[in-house]
Every structure is written in structure tokens, then in C-alpha cells.
Amino acid sequence: MSEATETILWFGSYSTKSLAVGMILGAAGFVMVTGAVFYELGVTKAACVLSVLSGVPLAFLWLLGQYRRFTLKYTLTTRRVIVESGLLNLNIGRVALLAISDVTCRQSGLDRAFGIGTIVVNSTDISDPVLKLLGVPDVRPVTELLDKACTEERNKRTMIPA
């Protein structure tokens, strides 16, 4: 492989499963609020309005998930990590694999159940010292792939010719 060749190892985007925690908590809140209102007031117009308003946070979380799904893209190549974000204004963060000092995988209990998580990339890069890859599907294998790519790039660049 030549020095200038850069190959894509992985490409992904935000998984809407990441909002599962919020959706589950929102649904539980919806049921509790609606149940309490129905218990206290009986089924009235006020109860119906309150139950509809309880669904607003769920709709907001769904819209947030759709926005992130279309505006967050991640690419891992043999030489760098690239995070693209934005809808109208595009922001592209790049960190060379050689500049990466630590890679961390974060998962809550529900994230583990859905197989998603956040990858936190710490680096010596001045403009983007910390990159967060949110809502990564199959987060553990992707983290391992990133670790392996960093090690291979470091070994390749520090090798002493015979």
C-alpha cells in the first residue's frame, strides 16, 4: 500500500436507537401523568388535553433523533477519524490516527441492550482535542476497529527501515 493511499475502514451515522432511553422515560411519564389525571378527574376534556400535551416531549425526542440521524456522519479511514455534522452549515472535524491518545466506549444499561453507545476520542489535535461519536451502532466492534487502526498507523509510522 502506498504512502498516499487512504482506505475507508468504517462509515456510520447516528442511530435513532440512542434516544430509546428518553423515549422509554417519556412514555413512562406519559402513562403516569395520564393515569393520575384520569384517576383524579375522570375522563374529561382536560384529561384528554393533558394526555396530548404529555406526548409533546416524545415528539420532540423523535424529531431530535431524526435530525441527528441525517446530520451526523462518521468515517474511520486508515489515517484519520472524520465527524461531519450540520444541516445547513456543515462542520467537519478530522483527527489523525497518530494524534489519538485515548479511545473510550461509553454505554448506559439501555444502550447496551440496544447495542449502541458513544465513542470518545481524546487526541493531541489543537482544534478538536475531544471528538464524540454519538449513537454509534455496534459500538464495541467499532471501538476495537478504531483502536486497531491507531495501533497499526502508529507502528507503520514509527518503524525503522532495515
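As a starting point, this report considers the structure included with it. (Residues numbered from 1 in each chain as written. Predicted model: local features only at pLDDT ≥ 70, side-chain atom pairs only at ≥ 80, totals over all residues. Heavy atoms only, no water.)

**Section: the overall build of the protein**
Then step 1. When you go through the protein residue by residue, the secondary structure sums to 5 helices and 7 strands.
Then step 2. Listed N to C, the secondary structure of the protein is β-α-α-α-β-β-β-β-α-β-β-α in terms of helices and strands.
Then step 3. When each of the 162 residues of the protein is scored for burial, the buried share is 31%.
Then step 4. Considering only residue pairs separated by 6 or more positions, the protein has 55% of its internal contacts joining residues 24 or more positions apart.
Then step 5. Working note: accessible area of the protein is about 10,100 Å², and carbon and sulfur atoms make up 63% of it. (Helix = DSSP H or I, 4+ residues; strand = E, 2+ residues; numbered from the N terminus. Buried < 20%, exposed > 50% of the residue type's maximum accessible area, 1.4 Å probe, protein only. Contact = heavy atoms within 4.5 Å. Areas by Shrake-Rupley, 256 points an atom, 1.4 Å probe, with all protein chains shown as cover.)

**Looking at the sheet that holds strand β2 (residues 72–77)**
Then step 1. An order of β1-β2-β3-β4 is seen for the 4 strands of this open sheet, with the pairing classed as antiparallel. For this open sheet the edge positions go to β1 (8–13) and β4 (91–96), each flanked by a neighbour on one side alone. Within the sheet, the average angular offset between the axes of one strand and its neighbour, ignoring direction, is 10°.
Then step 2. Here 6 bridges tie strand β3 (residues 80–85) to β4, and the two strands are oriented antiparallel to one another. Bridge pairing in β4 links Val83 to Gly93.
Then step 3. Sitting on the sheet, helix α3 (residues 56–71) touches β1, β2 and β3, and the angle it makes with β2 is about 35°.
Then step 4. Helix α5 (residues 139–158) contacts β1, β2 and β3 of the sheet and is inclined by roughly 145° relative to β1. (Pairing = 2+ DSSP bridges. Axes fitted to C-alpha atoms, helices over the stretch in contact; angles between N-to-C directions.)

**With respect to the environment of Gly12**
Then step 1. The topology assignment puts Gly12 in strand β1.
Then step 2. Measuring from C-alpha to C-alpha, the distance between Gly12 and Pro137 comes to 7.9 Å, with 125 residues separating the pair along the chain.
Then step 3. Sequence-distant contacts of Gly12, that is, excluding residues within four places in its chain, are made with Leu72, Lys73 and Tyr74.

**Overview of the sheet that holds strand β7 (residues 130–137)**
Then step 1. Pairing is antiparallel in the open sheet, where 3 strands are placed in the order β5-β6-β7. Bordering the open sheet on either side are β5 (100–106) and β7, each of which pairs with just one other strand. Direction aside, the axes of adjacent strands within the sheet are offset by 15° on average.
Then step 2. Across 6 bridges, β5 lies against strand β6 (residues 116–123) in antiparallel orientation. By the bridge assignment, Arg106 is partnered in β6 with Thr118.
Then step 3. Here α5 sits on the sheet and contacts β5, β6 and β7; the angle it forms with β5, its principal contact strand, is near 170°.

**Things to note about α3**
Then step 1. Between its terminal C-alpha atoms α3 stretches 22 Å, which fits the 22 Å expected from 16 residues at 1.5 Å a residue.
Then step 2. Listing the buried residues of α3 in full gives Leu58, Leu61, Gly65, Gln66 and Thr71. (Expected span 1.5 Å × (residues − 1).)

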